[in-house]
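Listed below are the residues making up each chain.
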Amino acid sequence: MNMRGNGIQFVKSGGYIKQSVANGSILNLLVQSKGFEVILHEVKEGHHWTIGPIEGWDGIEFIYLLSGSLSWLENKTKMIASTGDHLIMDPIRKDTFFTAIGNTTFLYVSTGPSFDEYNDQIKHFMNLAVAVEEKDGYTADHCQRIKDLSIKTGEKLGLSSEELYVLHIGSFLHDVGKTKIPDLILNKPSKLTNEEYEQMKKHTSLGANMLVETGIPTLKRAALIVEQHHERYNGTGYPYRLKGNEINLSSSIVGVVDSFDAMTSVRVYSRGRSLEDALEEVKQERERLFHPDVVDAFLSIMS
Ligand SMILES: [Fe+2]
Ligand SMILES: [Fe+2]
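Keep in mind it's a predicted model, so treat the numbers as computed, not measured. (Residues numbered from 1 in each chain as written. Chains lettered and ligands numbered in written order. Predicted model: local features only at pLDDT ≥ 70, side-chain atom pairs only at ≥ 80, totals over all residues. Heavy atoms only, no water.)

1. Remarks on the overall build of the protein
Selection criterion: Only DSSP runs of H or I covering at least 4 residues are called helices, and only runs of E covering at least 2 are called strands; the numbering of each starts at the N terminus. The size measure is the radius of gyration over C-alpha atoms, and the globule rule it meets is 2.2 Å times the number of residues to the 0.38 power. To sort residues, take the accessible area from a 1.4 Å probe on protein chains only and compare it with the maximum for the residue type: under 20% means buried, over 50% means exposed, and anything in between is partly exposed. Contacts: residue pairs with any heavy atoms within 4.5 Å of one another.
Secondary structure summary: the protein contains 10 helices and 10 strands in total. A globule of 303 residues ought to have a C-alpha radius of gyration of about 19 Å, and the protein, at 21 Å, matches this closely. Principal-axis analysis of the C-alpha atoms places the extent of the protein at approximately 75 × 40 × 35 Å. Within the protein, the proportion of its 303 residues that are buried is 47%. The long-range fraction of contacts in the protein, counting pairs at least 24 apart against all pairs at least 6 apart in sequence, stands at 65%.

As structure tokens, this is what we get:
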């Protein structure tokens, strides 16, 4: 960085204050000063970016598209902002879920500390969730896969932008409560005893509590998905043995996607089954363990 007599700070390309890389997107913090921030976002084709209201904050957010396009839902209508377009949110009133069409870059200007807001609070939980799934024998990209497939299924089912916003967080964090389960149980290579299994089941409510305790609206809403992702359509799930439509639809989506991923993953005690086998089992459990609409949507995106 160079400061000259005329007061111009000249920063060479790549000279960011901070950079954060997460889930197919890169955030480069260019300026953070006197109540505003400018962030250069790079979002890869098909990946997502979200914004939503923050309690007690009504700042302005501004996006200018430098390349690619962003799509989102306004009620049920699909909107597309392309290169050269800009969006002004003064303030944003609803959680909104954007999808990049082509590799997309945009300048994001905000009158609030959004860079650290996103980084510190949500990323902390995302890191926890990834770490604990690895302990439980999954590969590092388990959370990412669950999120991607849940979003695709949710889009197929016509979820609103707000619902997709919460689903992308809730699906990624579905097992974050396992951080409260003793390693001895989590790492156990053999079958769990009844007592151990009962303890393991608590990861749903424990995870939901962790998110509620943050007081962050998005995480509080995602808590429901975390709490109900092991509920099953016929009432045989946990923790509350909810049935059918008593189960939140987004939780049913994560339930199907997570079960499917567990079937196909190679872990300590399972070799991992073929894709065809696992899809057949999902189909068999339609209207038994799994919500029929979710199964139909899931099978159609997998075909
Ligand atoms: Fe789980
Ligand atoms: Fe999982």
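Right, picking up where we left off after that structure.
2. Some words on the coordination of the iron ion (ligand 1)
To keep things clear, this is the line we draw: Note on donors: an N, O or S atom is included if it sits within 2.8 Å of the metal, or within 3.2 Å for Na, K and Ca, and water is never included, so sites can look incomplete. Key to geometry: four donors with every angle between 85 and 135 degrees are tetrahedral; four donors are square planar and six octahedral where opposite donors lie over 155 degrees apart and all remaining angles lie between 65 and 115; all other sites are irregular.
Looking at the iron ion (ligand 1), one finds its protein donor set to be Asp175 (OD), His203 (NE2), His229 (NE2) and His230 (NE2), positioned 2.0 to 2.3 Å from the metal centre. Coordination at the iron ion (ligand 1) is irregular, judged from the 4 donor atoms that bind it and the angles of 85 to 174° they form at the metal. Here the donor residues for the iron ion (ligand 1) map to a single chain with the spacing D-x27-H-x25-H-H. Here the iron ion (ligand 1) and the iron ion (ligand 2) are spaced 4.9 Å apart, linked through aspartate 175, which binds each one. Of the two residues, histidine 203 is situated in helix α6 (residues 203-213) and histidine 230 in the loop between α7 (217-228) and α8 (249-264); the sequence distance between them amounts to 27 residues.

3. Here's the deal with the pattern of salt bridges
For side chains of opposite charge, pairing can occur when their charged atoms come near one another. Cut-off, in case you're wondering: By salt bridge we mean one thing: a side-chain nitrogen of Lys or Arg within 4 Å of a carboxyl oxygen of Asp or Glu.
Evaluation of the coordinates by the stated rule reveals 14 salt bridges. Residue aspartate 277 pairs with arginine 273 through a salt bridge whose shortest N-O separation is 3.8 Å. Judged by relative accessible area, aspartate 277 falls into the partly exposed class, the value being 43%. Between arginine 273 and glutamate 281 there is a salt bridge; the shortest N-O distance is 2.8 Å. Given the relative accessible area of 36%, arginine 273 is considered partly exposed. Counted as one network, the salt bridges with shared partners bring together Glu133, Asp136, Asp175 and Lys178.

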